[in-house]
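# Coordinate analysis (summary)
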Amino acid sequence: MVIQFRLLMTGVKLEKQRFDERVGICLQELNVTLENELNFADSLGYLLLSGNQSADSSVILEKNSLEAKLNRVLVEKLINKGIRADFTFAITNRYATKTWMKSAGFVEKSFHFDYYNIQLKNRVLARAGEERVLHLDVSNVYKILLGELKFLVIPSISFLIILLICLWFLVKMLRKEERLNAVKNEFINNLTHELKTPVFSISLAINILKQHLETGNLDKARQFLAMIGQENERLKTHIEKVLELATLDSPNYQLEKQSTDLNELVKEVIEGFKIKIEDRNGTLKMALSQRPLMANLDKTHFKNVIHNLLENALKYSLEKVEIMVVSKHFEGSNQLIISDKGVGIPIEHQKKIFDKFYRVPTENLHEVKGFGLGLNYVKKIVESHGGEIYVESDAKNGTSFFIKIPTI
Ligand code: ADP
């Protein structure tokens, strides 16, 4: 950006030099014209004669007509050099302490820097009797310069704007990255905690189990064996979640799609899930379509999708567990709806729940365990099957997830 800016400034500076030179030449040519037009030079010289400041009307008329002629000559000279300038002029003595003539609108600023000037020579000098200087004030210098430099200015400014937009995107991405990092760290802490607990419980249970085996207390031993089994299941679920994440993040991940009846998959998953529902004294109702719902599905991943949604329905039904699974042919697609009567998802969080690591914030953070990965996985898998997923939820009626998958 600095280079672009400096380039632009250098361009403007060079163009200004060129412009100054051209104006300088015009003024020199004015002296030549005065030399050729004797009457004009003489009249002007007499008018600028020291002491000739008469307020006589004929003198004033003469002054106005000479001023107009001078103006015409200057316009002509500038246009010949390709300069369409808005200018005013004045004629003063050498040090600009006395002004002899000035055009309408001429503002006396610093006579030295802002104006182009030339000493009027030969006949004018001879008639006036002392040095007279013509000052030219061009008010639209920079407008003219920018107009002439438009092929430098427009690309430069466009380039600067593009750079600024890129910078803005970069900052936005960095911020997003930063947020994601924070969430990732939280996830790692969460995961470590979740993995440690079952591992500790298992080692403790094994020790106690050993003691009971040694003393021959088989009933107690069985109890602890069951506990080890449960903790092992917990561990397995956690590991599966992380593996799901790893699968999706891997660049080589590919789905192995095959023609499958969606209803069959649903039944298979529910079969393995029933025990968990019973454990919570809940109910799970199914209303599957009579005819098969054929789709191209990766069985393993799609079973995980159904499993994740059922698991959530169970997890987020804190009191009564009432899950309903519906499948049907709807608007040319296969539709699967998994509903619960759980805690619901506030509307402002409904869009974000599909983001990686996103969990709806609750007062009691550890009330329901999770990593915020399940729905992200579900969405990615559904979409990579050409389908879509959306949610409808409120605190009173619970949550329903709708999945649409193309039929074959
Ligand atoms: P988590 O491991 O936290 O369950 P998910 O990605 O599966 O991660 O879900 C993201 C968030 O969406 C959850 O933390 C929860 O707040 C909300 N959520 C998902 N399913 C349900 C549901 N059936 N009922 C209520 N809230 C849900």
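My aim in this report is to walk through the structure given alongside it, one point at a time. Keep in mind that this is a model prediction, so the values were computed, not measured.

Quick notes on the rules
Residues numbered from 1 in each chain as written. Predicted model: local features only at pLDDT ≥ 70, side-chain atom pairs only at ≥ 80, totals over all residues. Heavy atoms only, no water. Helix = DSSP H or I, 4+ residues; strand = E, 2+ residues; numbered from the N terminus. Buried < 20%, exposed > 50% of the residue type's maximum accessible area, 1.4 Å probe, protein only. Contact = heavy atoms within 4.5 Å. Arc of directions from axis to C-beta. Axes fitted to C-alpha atoms, helices over the stretch in contact; angles between N-to-C directions. Parallel < 35°, antiparallel > 145°, perpendicular 65-115°, else oblique. Nonpolar A, V, L, I, M, F, W, Y, C, P; charged D, E, K, R; others polar. Near = heavy atom within 4 Å. Polar contact = N/O pair within 3.5 Å; in protein donor to acceptor, adjacent residues only side chain to side chain. Areas by Shrake-Rupley, 256 points an atom, 1.4 Å probe, with all protein chains shown as cover. Phe/Tyr/Trp six-rings, centres within 6.5 Å; stacked < 30°, edge-to-face > 60°. Pairing = 2+ DSSP bridges. Core = buried A, V, L, I, M, F, W, Y, C linked by side-chain atoms within 4.5 Å.

## Section: the side chain of E231
Topologically, E231 is positioned in helix α7 (residues 218-249). Judged by its relative accessible area of 11%, E231 is buried. In this view, E231 contacts T197, P198, S201 and I202; residues no more than four positions away in its chain are not counted.

## Points about helix α5 (residues 141-148)
Along α5, the residues classified as buried are V141, I144 and L145. Buried residues of α5, viewed axially, fall in a sector of 100°; they line one side. When the buried face of α5 is taken as reference, the exposed residues oriented beyond 90 degrees from it are Y142 and K143. Each element contacted by the buried residues of α5 is listed here: α1 (2-36), β3 (116-120) and β4 (132-138).

## Notes on the packing of α1 against helix α2 (residues 38-47)
Across the interface, α1 lies against α2 with an axial gap of 5 Å and an inter-helix angle of 105°. Overall, the two elements α1 and α2 adopt an arrangement that is roughly perpendicular. Each of L34, E35 and N36 in α1 lies in contact with α2, whose residues at this interface are L38, F40, A41 and L44. A class-by-class count of the residues in the contact of α1 with α2 yields 5 nonpolar, 1 polar and 1 charged.

## Brief notes about the site of the ligand
Around the ligand, the surrounding shell holds 20 residues, and the nearest of these are N312, Y316, D340, R359 and L375. In this structure, an oxygen atom belonging to the ligand sits 3.1 Å away from a main-chain N or O atom of G372. Note that an oxygen atom of the ligand is positioned 3.2 Å from one of the backbone N or O atoms of G374. For the ligand, whose accessible area on its own is 530 Å², the fraction buried by protein is 97%. Among the elements that line the shell around the ligand, the one with the most residues is helix α9 (residues 299-315), at 3 residues. Each residue belonging to the shell around the ligand can be placed in one class, and the counts come to 11 nonpolar, 6 polar and 3 charged.

## Observations concerning the packing of aromatic side chains
Counting across every chain of the model gives 5 aromatic pairs. Summarising the aromatic geometry, the rings of F19 and Y116 are spaced 6.3 Å apart at their centres and angled 65° between planes, so their arrangement reads as edge-to-face. Of this pair, F19 sits in helix α1 while Y116 sits in strand β3, placing them 97 residues apart in sequence. Between W168 and F169, the aromatic rings sit 5.2 Å apart at their centres with planes inclined by 70°, giving edge-to-face as the arrangement.

## What about the sheet that holds strand β8 (residues 322-330)?
Strand order in the open sheet formed by 5 strands is β6-β8-β9-β11-β10, with mixed pairing between adjacent strands. Of all the strands in the sheet, the pair left with one neighbour each is β6 (283-287) and β10 (388-394). Taken over all neighbouring pairs, the strand axes of this sheet differ in orientation by 15° on average, direction set aside. With 7 bridges connecting them, β8 and strand β9 (residues 333-339) associate as antiparallel partners.

## Describing the sheet that holds strand β2 (residues 99-102)
In space, the 4 strands of this open sheet follow the order β2-β1-β4-β3, with antiparallel pairing throughout. Edge positions in the sheet fall to β2 and β3, since each of these pairs with one other strand and no more. Strand-to-strand twist in this sheet, taken as the mean axis angle between neighbours without regard to direction, amounts to 20°. As judged from the 3 bridges shared by strand β1 (residues 87-92) and β2, these two strands associate in the antiparallel manner. When the sheet's bridge partners are listed, A90 is paired in β2 with K102. Of the strands in this sheet, β3 and β4 touch α1, which is tilted by about 20° from β3.

## As for the nonpolar core
Counting residues in each nonpolar core, the largest one holds 38 residues, and the members touching the most others are F19, L70, L134 and L136. Top contributing element to this core by residue count: α1, with 8 residues. With near-sequence residues (within four places) excluded, L134 lies in contact with L27, L30, L70, F89, A90, I91, Y116, N117, I118 and L120. One finds L293, V305, Y377 and V382 within the second-largest nonpolar core, a separate group that totals 37 residues.

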